[in-house]
Amino acid sequence: MPINDCSVAAKPREQTAALFINLNNTRSRACATKLFAPGWKSTCILTGSYVFKDLMNTYRMIEQDDFDINTRLHTIVRGEDEAAMVESVGLALVKLPDVLNRLKPDIMIVHGDRFDALALATSAALMNIRILHIEGGEVSGTIDDSIRHAITKLAHYHVCCTRSAEQHLISMCEDHDRILLAGCPSYDKLLSAKNKDYMSIIRMWLGDDVKSKDYIVALQHPVTTDIKHSIKMFELTLDALISFNKRTLVLFPNIDAGSKEMVRVMRKKGIEHHPNFRAVKHVPFDQFIQLVAHAGCMIGNSSCGVREVGAFGTPVINLGTRQIGRETGENVLHVRDADTQDKILQALHLQFGKQYPCSKIYGDGNAVPRILKFLKSIDLQEPLQKKFCFPPVKENISQDIDHILETLSALAVDLGGTNLRVAIVSMKGEIVKKYTQFNPKTYEERINLILQMCVEAAAEAVKLNCRILGVGISTGGRVNPREGIVLHSTKLIQEWNSVDLRTPLSDTLHLPVWVDNDGNCAALAERKFGQGKGLENFVTLITGTGIGGGIIHQHELIHGSSFCAAELGHLVVSLDGPDCSCGSHGCIEAYASGMALQREAKKLHDEDLLLVEGMSVPKDEAVSAVHLIQAAKLGNVKAQSILRTAGTALGLGVVNILHTINPSLVILSGVLASHYIHIVKDVIRQQALSSVQDVDVVVSDLVDPALLGAASMVLDYTTRRIC
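Residues numbered from 1 in each chain as written. Predicted model: local features only at pLDDT ≥ 70, side-chain atom pairs only at ≥ 80, totals over all residues. Heavy atoms only, no water.

**Some words on helix α21 (residues 637-660)**
The periodicity of an α-helix, 3.6 residues per turn, causes residues three or four positions apart to be oriented the same way.
Part 1: With 24 residues, α21 should reach 34 Å at 1.5 Å per residue; the first-to-last C-alpha distance of 34 Å fits that figure.
Part 2: Sitting at the amino-terminal end of α21 is N636, which places a side-chain oxygen 3.0 Å from the backbone nitrogen of K638. (Helix = DSSP H or I, 4+ residues; strand = E, 2+ residues; numbered from the N terminus. Expected span 1.5 Å × (residues − 1). Polar contact = N/O pair within 3.5 Å; in protein donor to acceptor, adjacent residues only side chain to side chain.)

Printed below as a string of structure tokens:
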């Protein structure tokens, strides 16, 4: 039966959960506090450095958080070398079975990648206790990698923090139904941490004369696979910090092999007595948050620097290889070969005092509710034996636990010449909800309306149980998708040149943002949801107010060297044809677009040649392409001739596409597609080479290709799997 109330006193017949936390990782304590604070009484096993007499303040912090500390185990063998780490694991393995036999927990929650966590996971696995591992699947550059992945293989359930970590777990043959992508629990605390009196914390740790953004936090640990080099690098770091001459809070290294030698280096250089330095063994997590949030820079090789600090946009200098595989935000400057003092000093000059955008790679502040849902869904009656999902991996292996998690979705934005539309689009291409407003004429009004509609849609997504993975934007004009910038717009959208769309939306929503041309988005929509699905090469042509398109070649969208590929509406099909909005003449768009048909309809109407029996145009209604099509259907010969000419121009353009690109399919999309399809096929039969006449031309069956294409940019990227 699922766990509905996690009581942790080890009473008979009562479901219990035990939580393992370890000192040297502040993230473990934040995880514990946030996970079990919401009304859960938990049983804690204290091991490792928590029971050291010289670090008793951290032990008291745990008591203050209302944890039931059931057991304290002395499991660390002092010595701070490789042998001491091995002996510590062995000592824990000797002591833990008695504790676990007494507690009889149903689920053991193990956090992170420390060697003492490996001992606990090993004991629980051998004693048939279910293990939930938090922060598996991540990659770094030390022995922690091996320990982390070893715990993954012992664990029955996994809570990971990033999409890449989730992909790694699946690649390691873990059952994707037992993997929860929740984000890092510490981010729940980080993103809600607001302390107006942060200056009092800064002064308490660094002195009364220190200002915000004018000090450094240094935290460097030994690299157990290369102790000698890590000690030398620490010495160079301290030399650089002394030369840089800024107030610096230096935290002592953890207790891994090599830490004793690093402490000797600190004392040899007089760091504990230097006027610019404050050397401490521990800082309470709530205060540590404020210190790194308002620092001018953080330096070292702690995972905290590449993970948590990104939430504040604080500059970070990551030294050496200890975090070499970690995902990082743009606030992190890597100095992987930190072999000279000058190199580290130069990095300090580059980073100190900068302010970067806040990063949410590791979480959005809602990890704990997801983990609680996940815990409650665990069926204790199902078989305990793990099952591994060995290759071949299924093609579609996205999480399918909608009864636990939200529906994975994207926010899609479509900027048309008339309307601005925002939609919540699910993984299956269903438009859950759509919002439509008239597209404003000015930049300021338009960007403000986009932000407002997206914020409202994101809030509504929570109520609809949809988890937004990112924002995709489809817009007219030439777009640089790498930078998220509209380079040049069509005449239909005014004040829309050199517009950075990615930055304001990302800063406001704290989500990744993708931007592309509407024709390209239509092709992406067909690739994911439409008739191009599974095809290696195809072309999409949009027939609407203008004429656009997108090219898929070898399953990838073609942008071109200057992002001008697939401007199919401006293929010239006549040297003396009508003027086009691009400044040329004889383009397909000048013949077959909605604007071109409207132009011809107005000419006929002005000459009283448009209306036939059964037709009328109210005085307050503008003549449009709709009236031309209606007249043609009612037998107006001149209207029929104009449509035939437009269709022929489009058909000649398709012939040129067939001869140039040789796709396996051409998809006509947009409101005019069904009126042109037969004429286009006739032109192909008459004009195309015999080798391409068998290429099929079809009408798209997608209702909103621009919105679906915008959504597909998000869904394709954020749900990719690595096999």
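**Re the packing of aromatic side chains**
Working definition: an aromatic ring pair is given by the centre-to-centre distance plus the angle between the planes.
Part 1: Summed over the entire model, instances satisfying the criterion amount to three aromatic pairs.
Part 2: With a centroid separation of 6.3 Å and an interplanar angle of 85 degrees, the aromatic rings of Y157 and F374 are classed as edge-to-face. Here Y157 is found in strand β6 (residues 157-160), whereas its partner F374 is found in helix α14 (residues 367-377), with 217 residues between them in sequence. Judged on exposure class, the residue Y157 and its partner F374 are both buried.
Part 3: When the centroid spacing of 5.4 Å and the interplanar angle of 70 degrees are considered together, the rings of F244 and F352 count as edge-to-face. Of this pair, F244 sits in helix α9 (residues 227-244) while F352 sits in the loop between α13 (341-351) and α14, and the two are 108 residues apart along the sequence.
Part 4: Looking at K281, its charged tip hangs above the ring of F252, at a distance of 5.9 Å from the centre.
Part 5: The cationic tip of R446 hangs over the ring face of W496; the distance from NZ or CZ to the ring centre is 4.7 Å. (Phe/Tyr/Trp six-rings, centres within 6.5 Å; stacked < 30°, edge-to-face > 60°. Buried < 20%, exposed > 50% of the residue type's maximum accessible area, 1.4 Å probe, protein only. Lys NZ or Arg CZ within 6 Å of the ring centre and 35° of its normal.)

**Observations concerning the environment of A125**
Part 1: With respect to the secondary-structure elements, A125 resides in helix α4 (residues 115-126).
Part 2: The class for A125 is partly exposed, based on a relative accessible area of 23%.
Part 3: Here the alpha-carbon distance between A125 and K153, two residues 28 residues apart in the chain, equals 9.9 Å.
Part 4: When near neighbours in sequence (up to four residues on either side) are disregarded, A125 contacts I131 and L154. (Contact = heavy atoms within 4.5 Å.)

**Details of the sheet that holds strand β8 (residues 215-219)**
Part 1: Pairing is parallel across the open sheet formed by six strands, whose spatial order is β10-β9-β8-β11-β12-β13. Edge strands, defined here as strands with exactly one partner in the open sheet, are β10 (277-280) and β13 (332-335). Across the sheet, the axes of successive neighbouring strands diverge by a mean angle of 20 degrees, strand direction being ignored.
Part 2: Sheet topology places β8 next to strand β11 (residues 297-300); four bridges connect them, and they run parallel. By the bridge assignment for β11, I216 is matched with C297.
Part 3: Against the sheet, α9 makes contact with β8, β9 (247-251), β10, β11 and β12 (316-319), and its axis sits at roughly 170 degrees relative to β8, the strand it touches most.
Part 4: Here helix α11 (residues 285-293) sits on the sheet and contacts β8, β9 and β11; the angle it forms with β8, its principal contact strand, is near 125 degrees. (Pairing = 2+ DSSP bridges. Axes fitted to C-alpha atoms, helices over the stretch in contact; angles between N-to-C directions.)

**Section: the side chain of K528**
Part 1: Inspection of the secondary structure puts K528 in helix α17 (residues 518-529).
Part 2: In this structure, K528 is in contact with M427, K533, S712, L715 and D716, ignoring residues within four places of it in sequence.

**Observations concerning the packing of α9 against α13**
Part 1: Following both chains from N to C, one finds α9 and α13 inclined at 50 degrees, their axes separated by 8 Å at the closest point. By the criterion of interaxial angle, the relationship of α9 to α13 is oblique. For the pair α9 and α13, the crossing hand works out as right-handed. Listed contacts from α13 to M233, L236, T237, D239, A240, L241, S243 and F244 of α9 are Q341, I344, L345, L348 and H349.
Part 2: Residues that form the contact of α9 with α13 fall into these classes: eight nonpolar, four polar and one charged. (Parallel < 35°, antiparallel > 145°, perpendicular 65-115°, else oblique. Left-handed = near helix turned anticlockwise from the far one by under 90°. Nonpolar A, V, L, I, M, F, W, Y, C, P; charged D, E, K, R; others polar.)

**Quick look at the nonpolar core**
Where a protein is soluble and globular, its nonpolar side chains tend to be buried together.
Part 1: In terms of nonpolar packing, the biggest core is built from 54 residues, with I216, I299, I317, L319 and L348 touching the most fellow members.
Part 2: Ranked by residues supplied to this core, first place goes to α9 with nine residues.
Part 3: Beyond its immediate stretch of four places on either side in the chain, L348 contacts I216, A240, L241, F244, C297, I299 and I317. (Core = buried A, V, L, I, M, F, W, Y, C linked by side-chain atoms within 4.5 Å.)

**Here's the deal with the pairing of strand β21 (residues 513-517)**
Part 1: Burial of β21 is extensive: five of the five residues sit out of reach of the surface.
Part 2: In terms of strand pairing, strand β17 (residues 466-475) meets β21 through five bridges, oriented parallel. The partner of V471 across the bridge, within β21, is V513.

**Let's talk about the sheet that holds β21**
Part 1: What the five strands build is an open sheet, ordered β16-β15-β14-β17-β21; its pairing is mixed. Each end of this open sheet is capped by a strand with a single partner; those strands are β16 (431-438) and β21. Averaged over all pairs of adjacent strands, the angle between strand axes in this sheet comes to 20 degrees, irrespective of strand direction.
Part 2: Pairing between strand β14 (residues 407-415) and strand β15 (residues 419-426): seven bridges, direction antiparallel. What sits directly across from A412, in β15, is A423.

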